[in-house]
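Structural overview
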Amino acid sequence: MRYVYLVTHPEAQHHVDGLVGGWYDSALTPRGHQQAERIADVLQAKIGAKPVEVHASDLRRTTQTAETIAARFNTKVHLDPRLRERTNGEADGRPQSWLTERRIPLPEYGDRLAHHDGPEGAETRLHLVERLYPALEEILSREAETQIIVSHGNATSYLISAWLGVPMQNTDRGFFPLTSGGITTLRRNDTHYSNQVLALNETDHLDV
């Protein structure tokens, strides 16, 4: 059976400063580094001595998290920019209030995936799933039976949809609200040929 552990990066500086994340290259805070160590503790307890592959978004907050985890398993990190969060374009790195004032709300009906939020250079949700789905497919095509993927909150929600086989065009409604630093455990059951979600957004380890 294949196990995949999805990790959302823990506390980063843009969280503390109230700035828009996206592709803004924020680093982990000291507390975030502590949380990354706790995430590594949990994963080490779950996985034990099995060989592990670690994949991550190439932004600093995710690479720092992934490097902490990979050090526990004496392995390297495979960086993939396709695992980045959805960019908010010119809003990235600005105060959240700046984006709130300019954002065009997502409509209840219509082509929600192709909806543009307003800021110049922002990705649509369709752009996001169009890069995340192939990224996960490529990761899963590798021979490793245990894999860890470190990404971001919104991106990881769509990775779960991809894991469950939800067609890209049907991801406009479903969403998994994930916590920074959360761990989601996935398993491929080769007996029933099913992709399972064993644990969603575990966060007990974040109390540091």
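Notes on the structure in this doc start here. Please read all numbers here as calculations on a predicted model, not as lab measurements.

**Here's the deal with the pattern of salt bridges**
Counted under the stated rule, the structure contains 15 salt bridges. One salt bridge connects Asp41 with Arg72, and the closest N-O pair in it is separated by 2.7 Å. Taken together, the residues Asp41 in helix H2 (residues 30-47) and Arg72 in helix H3 (residues 60-72) connect sequence positions 31 residues apart. The class of Arg72 is partly exposed, set by a relative accessible area of 27%. One connected set of salt bridges, linked through shared partners, spans Glu37, Asp41 and Arg72.

**Considerations on H3**
The periodicity of an α-helix, 3.6 residues per turn, causes residues three or four positions apart to be oriented the same way. Compared with the 18 Å implied by 1.5 Å per residue over 13 residues, the 19 Å span of H3 between its first and last C-alpha is a close match. Backbone geometry just downstream of H3 places Asn74 in the positive-phi region, at approximately 55 degrees.

**Comments concerning the side chain of Thr156**
Here Thr156 shows up in helix H6 (residues 153-163). In contact with Thr156, not counting residues within four places along its chain, are Leu6, Val7, Thr8, Ser151 and Leu178.

**A closer look at the sheet that holds strand S2 (residues 53-56)**
In spatial order, the strands read S3-S2-S4-S1-S5-S6; together these six strands make up an open sheet with mixed pairing. The open sheet has two free edges, formed respectively by strand S3 (77-79) and strand S6 (194-202), since each of these has just one partner strand. The mean inter-strand angle of the sheet, taken between neighbouring strand axes irrespective of direction, is 20 degrees. Direction of pairing for strand S1 (residues 2-8) relative to strand S4 (residues 146-151): parallel, over a ladder of six bridges. Counted as the bridge partner of Thr8 is Ser151 from S4.

**A word on the layout of surface pockets**
Space inside the largest pocket adds up to approximately 560 Å³. Lining the largest pocket are 33 residues, and of these Gly22, Glu85, Gly153, Asn154 and Phe175 sit closest to its centre. Mapped onto the lining of the largest pocket, the elements with two or more residues apiece are helix H1 (13-17), helix H4 (96-102), helix H5 (125-140) and H6. It is H6 that contributes the most residues to the lining of the largest pocket, three residues altogether.

**A closer look at the nonpolar core**
Residues Val4, Leu6, Leu83, Leu132, Leu136, Ile149 and Leu159 are the most contacted members of the largest nonpolar core, which totals 19 residues. Of all elements in the fold, only S1, H5 and H6 reach the threshold of two or more residues within this core. Considering each element in turn, this core owes the most residues, seven residues, to H5. Every residue in contact with Leu83, bar those within four places of it in the chain, is listed here: His55, Ala56, Ser57, Arg131, Leu132, Ala135, Ile139, Ile149, Ser151, His152, Ala155 and Leu159. Counting residues in hydrophobic clusters, the runner-up holds 16 residues, among them Ile39, Val54, Ile148 and Ile183.

**Some remarks on the pairing of S6**
Sheet faces and side chains relate simply in a regular strand, where the side chains alternate between the two faces. As defined by bridge partners, strand S5 (residues 183-189) adjoins S6 across six bridges and the pair is classed as antiparallel. Bridge assignment links Thr185 to a residue of S6, and that residue is Ala199. Linking S5 to S6, which pair antiparallel, is a turn of four residues; within it Tyr193 sits at a positive phi near 55 degrees.

**Structural notes on the environment of Gln13**
Along the chain, the position of Gln13 falls in helix H1. Taking relative accessible area as the criterion, Gln13 reaches 32% and is therefore assigned partly exposed. Sequence-wise, Gln13 and Thr87 are 74 residues apart; in three dimensions their C-alpha atoms are separated by 17 Å. With sequence-adjacent residues up to four places away left out, Gln13 is seen in contact with Ser26, Ala27 and Thr29.

So, how was this worked out
Residue positions are counted from 1 within each chain, in the order its sequence is given. The predicted origin of the model limits local features to residues at a pLDDT of at least 70 and limits the giving and counting of side-chain atom pairs to 80 or more, whereas totals for whole chains, interfaces and linings rest on all residues. Note that the side-chain values use all heavy atoms of the structure and ignore hydrogens as well as water. Salt bridge, as used here, is a side-chain nitrogen of Lys or Arg placed within 4 Å of a carboxyl oxygen of Asp or Glu. Segments assigned H or I by DSSP are reported as helices when at least four residues long, segments assigned E as strands when at least two residues long, and all are numbered from the N terminus. A 1.4 Å probe rolled over the protein chains alone gives each residue an accessible area, and that area as a share of the maximum for its type sets the label: buried under 20%, exposed over 50%, partly exposed in between. Take the residue count of a helix, subtract one, and multiply by 1.5 Å to get its expected span. The contact criterion used is simple: two residues touch if any of their non-hydrogen atoms lie within 4.5 Å. Being paired, for any two strands, means DSSP has found at least two bridges between them. Axis definition: a line fitted to C-alpha atoms, over the contacting stretch in the case of helices. Angles run 0 to 180 degrees between N-to-C directions. Within this scheme a cavity is a closed region of a 1 Å grid, computed over the protein atoms alone, that accommodates a 1.4 Å probe without allowing it to escape, whereas a pocket is open but has protein on both sides within 12 Å along at least five of seven lines; lining residues each have an atom within 4 Å of a point. Grid points are joined across faces, edges and corners, and a volume is the space filled by probe spheres set on the points. Definition of nonpolar core: a set of buried residues of the types Ala, Val, Leu, Ile, Met, Phe, Trp, Tyr and Cys, connected through side-chain atoms within 4.5 Å.

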